[in-house]
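# Fold and geometry: a report
Below are the chains, spelled out letter by letter.
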Amino acid sequence: MVIVVRSETNSTRQVILTLLKRNQEQTVSSLATTLEVTEMAVRRHLRELERDELISSRLEKQAMGRPIHKYFLTEKGSETFPRNYSDLSLGILQDVEQLSGSEMVDQLFEQRRDRLYKKYEAEIKGSFLERVEALARIQSQAGYMVEYKELEDGTFEFIEYNCPISQVAREYPIACTCEQQLFKRLLATDHVERKSCIAKENTSCCVYKVKDPKQSQT
């Protein structure tokens, strides 16, 4: 059995992001002093954060000496901090339902499904395993904390330990239906079975069983 876990946790990286969130801009020197580590260690983390497009930097001229780099959060970096979007989204959907009916809400989720497919279809290609890996990466980046396992029978267990839209999905199950349909289209298989759901059950994760369509032909 092959098990692959996607983890986004990194305490030093998160501390740096938090410092930039609180102070807007920081230099390598100020970060090193606060973290009580070397400037070389700070630069290593900053390079990784820049590579992930979570931070950026600008040069600031000094009255004397060389210009210094000041680092700050990008929009993507700011989005790593919790936002109270769920209450707002749920309220808007309830208003749409009241004004235009439940069919309009369904259409909104279906439009979101189609938009996500167009956004990600170019990134998910290759063998079935490569498609599962790419989908896991994309969902983890979106906050779903994905782990996947290849089972002995050749199928995959696709596990999401977090659901950023669970509050909305509890009220509107169409959200879960559209996610399942999206997975089918991105993985190019009809064999996507939902085994458990955070929004519908007292469980800690959403679990899908996915199967390469070629297995059905053998």
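This text follows the structure it describes.
Reference entry: report on the structure contained in this document. Quick caveat: nothing in here was measured; it's all calculated off a predicted structure.

### With respect to the environment of L90
Within the secondary structure, L90 is located in helix α5 (residues 85–100). As for L90 and Y172, which are separated by 82 residues in sequence, their C-alpha atoms are 9.1 Å apart. Contact partners of L90, with chain neighbours within four places excluded, come to Q167, V168, E171 and Y172.

### Some words on the state of the cysteines
Under the counting rule described, the total for this entry stands at zero disulfides. Summary of cysteine pairing: C163 is not part of a disulfide, and the nearest cysteine sulfur, belonging to C206, is at 5.2 Å. Residue C163 is classed as buried on the basis of its relative accessible area, which comes to 14%. Unpaired in terms of disulfides, C176 finds its nearest cysteine sulfur in C197, a separation of 3.7 Å. We classify C176 as buried; its relative accessible area is 7%.

### Digging into the pairing of strand β5 (residues 156–160)
When you tally the buried positions in β5, you get four out of five residues, the bulk of the element. Note: strand β4 (residues 146–150) against β5, five bridges, orientation antiparallel. Counterpart to E147 in the pairing with β5 is I159. The antiparallel pairing of β4 with β5 creates a hairpin that spans five residues between the two strands, and G154 there sits at a positive phi of about 90 degrees. Here β5 pairs with strand β7 (residues 206–210) via five bridges, running antiparallel. Bridge assignment links I159 to a residue of β7, and that residue is V207.

### Overview of a negative patch on the surface
On the surface, E97, E103, D106, E110 and E171 cluster together into a patch of negative charge. Broken down by element, the residue count for the negative patch peaks at three residues, all from helix α6 (residues 102–120). Note on placement: E171 falls in helix α8 (residues 166–171). Owing to a relative accessible area of 43%, E171 belongs among the partly exposed residues under this scheme.

Conventions and cut-offs
Residues numbered from 1 in each chain as written. Predicted model: local features only at pLDDT ≥ 70, side-chain atom pairs only at ≥ 80, totals over all residues. Heavy atoms only, no water. Helix = DSSP H or I, 4+ residues; strand = E, 2+ residues; numbered from the N terminus. Contact = heavy atoms within 4.5 Å. Disulfide = S-S within 2.5 Å. Buried < 20%, exposed > 50% of the residue type's maximum accessible area, 1.4 Å probe, protein only. Pairing = 2+ DSSP bridges. Patch = residues over 30% accessible without salt bridge, like charges linked within 9 Å, V, L, I, M, F, W, Y side chains within 5 Å. Areas by Shrake-Rupley, 256 points an atom, 1.4 Å probe, with all protein chains shown as cover. Salt bridge = Lys/Arg side-chain N within 4 Å of Asp/Glu carboxyl O. Lys, Arg positive; Asp, Glu negative; His and termini not counted. Charge placed at Lys NZ, Arg CZ, Asp CG, Glu CD.

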